[in-house]
Amino acid sequence: MIKPPPLRNDCFALPQGVEWTPVSEALAHLQSRLTPVTQVETVALSFALGRTAAAPVLAPRASPPAANTAVDGYGFAGPVQEGAHLMSLLPGRAAAGAPFNGEVPQGKALRVLTGAALPKGVDTVILEEDVTASEDQIALHGPLKRGANTRAAGEDVCVGDTVLADGRVITPADLALLSSVGVAEVAVHAPLRVAVISTGDELREPGTEAAPGQIYDANRPMLLSMIERFGFKAVDMGRVPDDRNTLRATLDDAAMQADVILTSGGASAGDEDHVSALLEEAGALQEWRIAIKPGRPLALALWNGKPVFGLPGNPVAAMVCTLVFARPALAALSGQGWTTPQGFDLPAAFEKRKKPGRREYLRARLRGGQVEVFASEGSGRISGLSWAEGLVEIEDGARHVQPGDPVRYIPFSSFGL
Ligand code: AMP
Ligand code: MG
């Protein structure tokens, strides 16, 4: 007959590491330790969209390079006093790209077109609609301030101004700004390569048969596409059964092909939790018990020198942990620098009582200016992830949210999705 094991004298002691780390502390910890791991290359502007600047770019030229007219009209030396005036009109004109080479004497006017460099003697322009013009004269009404309807040299950008900050993810508008000051190429980080591995004996591929005890792999397509949306390069390492040798080989392979590895599943301390067991074996596992809901311990480690994020298997927790922890960490590794998603305090359309201790993220969306949350907080409900357009973040302490109370809504777009 076998006997149950005797109670140990420390059986009521808290397990080691039961202190739950607040989300903000965990984030600060990651932020202080992660630095860019990507190489730097120079690319032409036509290849720079969405890339991450690897150094600040200073304007080599001012914009506009010379004072010019903002409208079609007539240029002269201002200001013009109150009342009616006649000015004689010089022959010729100044147009964009076709300057007037002479000088405009005091009291005379010249035809000017939008974008034309202001000729010598001109500092003020009157709109053509405000003028009656003949062959050799214009009639106008004052007053008009000196400088009216003109753009000063360098009023947008001066030589030496920073036109692109280090870590900036280059946008279409950035390409316009860089081009306007004559920049043709920029130093950028190589795209961060992020490997994704799903783990679990139960997982099957959509399009194949699945027995009743099996489920389709939902995390891999989600994580791969999130990485692409974040602007990184996703490396699909497929599914791995709960088998240590296969997992070890896949991690080795992933560490060769990528800069960072994301795994999902098997990250807790159960019998089939081979991710944490292997990482433990490699000697570098950090089990992060973060005070977050949804979420399980996050396994963090280095595998052959590459950071590994062991995400929970549960798709809801996997997505939330990726948005809250992995994304800013990946941004720091990629050269973008740490990112904090922009949230908005908006009225709740729901009621919720929350106990103190864990920060909570609810699947949410904005309708009619109010924040709705998904009907079920069940952490296996993938349909709620698909329903949601953002998350509601409820602070670590106790809270009783009532309809109309402000809650922090973070749209998925703020997380880079
Ligand atoms: P685990 O962390 O491996 O214990 O998994 C927790 C739960 O998430 C289990 O119900 C798993 O079946 C489920 N799960 C794990 N990986 C995936 C995946 N890739 N797609 C869908 N569900 C998963
Ligand atoms: Mg599993």
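Computed from a predicted model, the values in this text were never measured in an experiment. (Residues numbered from 1 in each chain as written. Chains lettered and ligands numbered in written order. Predicted model: local features only at pLDDT ≥ 70, side-chain atom pairs only at ≥ 80, totals over all residues. Heavy atoms only, no water.)

### Overview of the overall build of the chain
A tally of regular secondary structure across the chain gives seven helices and 28 strands. The principal-axis extent of the C-alpha atoms belonging to the chain is close to 120 × 50 × 45 Å. Counting the 417 residues in the chain, one finds 45% classified as buried. For the chain, the exposed surface amounts to about 21,000 Å²; the carbon and sulfur share of it is 52%. Side chains of the chain give 38 positive and 47 negative charges; the mean places of these two sets differ by 3 Å. (Helix = DSSP H or I, 4+ residues; strand = E, 2+ residues; numbered from the N terminus. Buried < 20%, exposed > 50% of the residue type's maximum accessible area, 1.4 Å probe, protein only. Areas by Shrake-Rupley, 256 points an atom, 1.4 Å probe, with all protein chains shown as cover. Lys, Arg positive; Asp, Glu negative; His and termini not counted. Charge placed at Lys NZ, Arg CZ, Asp CG, Glu CD.)

### Side note on the site of ligand 1
Around ligand 1, 14 residues are found, and the nearest of them are E202, D217, A218, G266 and N314. Coverage of ligand 1 by the protein chains reaches 75% of its 480 Å² of free accessible surface. Put simply, the parts of the chain that give the shell around ligand 1 at least two residues each are β13 (193–199) and β15 (215–216). When its residues are assigned to classes, the shell around ligand 1 shows five nonpolar, seven polar and two charged. (Near = heavy atom within 4 Å. Nonpolar A, V, L, I, M, F, W, Y, C, P; charged D, E, K, R; others polar.)

### Here's the deal with the pairing of strand β25 (residues 370–373)
Remember that side chains alternate between the two faces of the sheet whenever the strand is regular. Looking at chain direction, strand β24 (residues 359–367) and β25 are connected through four bridges and run antiparallel. Bridge pairing links L366 to V371 in β25. What sits between the antiparallel neighbours β24 and β25 is a turn of two residues, in which G368 has the positive phi angle 55 degrees. (Pairing = 2+ DSSP bridges.)

### What to know about the packing of helix α3 (residues 219–229) against helix α6 (residues 315–334)
Contact geometry of α3 with α6 gives a least axis separation of 10 Å together with a crossing angle of 15 degrees. When the interaxial angle is binned, α3 and α6 end up roughly parallel. Note on packing geometry: the crossing formed by α3 with α6 is right-handed. Across the interface between the two elements, N219, M222, L223 and M226 from α3 touch P315, A318, M319, T322 and L323 from α6. Split by residue class, the contact of α3 with α6 holds seven nonpolar, two polar and no charged. (Axes fitted to C-alpha atoms, helices over the stretch in contact; angles between N-to-C directions. Parallel < 35°, antiparallel > 145°, perpendicular 65-115°, else oblique. Left-handed = near helix turned anticlockwise from the far one by under 90°. Contact = heavy atoms within 4.5 Å.)

### Topic: the sheet that holds β13
Hydrogen bonds between backbone groups are what pair the strands of a sheet, and the pairing can be parallel or antiparallel. Strands sit in the order β16-β13-β17-β21-β20-β18 across an open sheet of six strands; the sheet is mixed. A single partner strand is all that each edge strand has here, and the edge strands are β16 (233–240) and β18 (286–288). Pairs of neighbouring strands in the sheet enclose a mean axial angle of 20 degrees, with direction left out of account. Pairing between β13 and β16: six bridges, direction parallel. Bridge pairing in β16 places V194 opposite A234. Docked against the sheet, helix α5 (residues 274–281) engages β13, β17 (260–264), β18, β20 (298–303) and β21 (306–311), running at close to 40 degrees with respect to β20.

### Details of helix α4 (residues 244–257)
End to end, α4 covers 20 Å across 14 residues, agreeing with the expected 20 Å (1.5 Å per residue, within 8%). Inspection of α4 places L247, T250, L251, A254 and A255 among the buried residues, and these make up the whole buried set. Taken around the axis of α4, the buried residues stretch over an arc of 135 degrees, which confines them to a single face. Away from its buried face by more than 90 degrees, α4 exposes N245 and M256. (Expected span 1.5 Å × (residues − 1). Arc of directions from axis to C-beta.)

### Some points on the environment of T42
With respect to the element layout, T42 can be found in strand β1 (residues 40–44). T42 sits in the exposed class, given a relative accessible area of 53%. The spacing of T42 and A190 is 148 residues in sequence and 9.5 Å in space, taken between C-alpha atoms. Residues within four places of T42 in sequence aside, it is in contact with E185, V186 and A187.

### A few points about the sheet that holds strand β8 (residues 131–133)
As summarised here, the arrangement of the six strands in space is β7-β4-β6-β5-β9-β8, forming an open sheet in which the pairing is mixed. The open sheet terminates on both sides in strands that have one partner only, identified here as β7 (124–127) and β8. The sheet shows a mean angle of 35 degrees between the axes of neighbouring strands, direction not considered. As paired elements, strand β5 (residues 80–94) and strand β6 (residues 108–112) share four bridges and run parallel to each other. Across the sheet, L89 pairs through a bridge with A109, a residue of β6.

### Quick look at the domain arrangement of the chain
Considered domain by domain, the chain is made up of domain 1 (20–39 + 191–334), domain 2 (42–61 + 161–189), domain 3 (68–151) and domain 4 (344–415). Between domain 2 and domain 3, the C-alpha centre-to-centre distance is 37 Å. (Domains from an automatic or database assignment.)

### Focus on a negative patch on the surface
Side chains of D201, E202, D243, D271 and E272 sit close together on the surface and give a patch of like negative charge. When you line up the elements, E202 lands in the loop between β13 and β14 (203–204). Accessibility expressed as a relative area gives 33% for E202, which makes it partly exposed. (Patch = residues over 30% accessible without salt bridge, like charges linked within 9 Å, V, L, I, M, F, W, Y side chains within 5 Å. Salt bridge = Lys/Arg side-chain N within 4 Å of Asp/Glu carboxyl O.)

### Notes on the environment of G50
Relative to the elements of secondary structure, G50 occurs in the loop between β1 and β2 (57–58). Not counting residues within four places of it along the chain, the set of residues in contact with G50 comprises V169 and I170.

### Comments concerning the pattern of salt bridges
By the definition in use, this model includes 19 salt bridges. Residue D236 is joined to R220 by a salt bridge in which the shortest nitrogen-to-oxygen separation is 2.7 Å. Pair noted here: D236 is in strand β16 and R220 is in helix α3, with a separation of 16 residues, a long-range link. For D236, a relative accessible area of 44% corresponds to the partly exposed category.

### Notes on helix α2 (residues 172–180)
Given 3.6 residues per turn, any residue in an α-helix points the same way as the ones three and four places further on. Buried within α2 are the following residues: D174, L175 and L178. End-on view of α2: buried residues confined to an arc of 100 degrees, all on one side of the axis. Turned more than 90 degrees from where α2 packs its buried face, P172 and A173 sit exposed. Tucked into the core, α2 has its buried residues touching β2, β11 (162–164) and β12 (185–189). Of the residues one or two after α2, G182 is the one with positive phi, at around 90 degrees.

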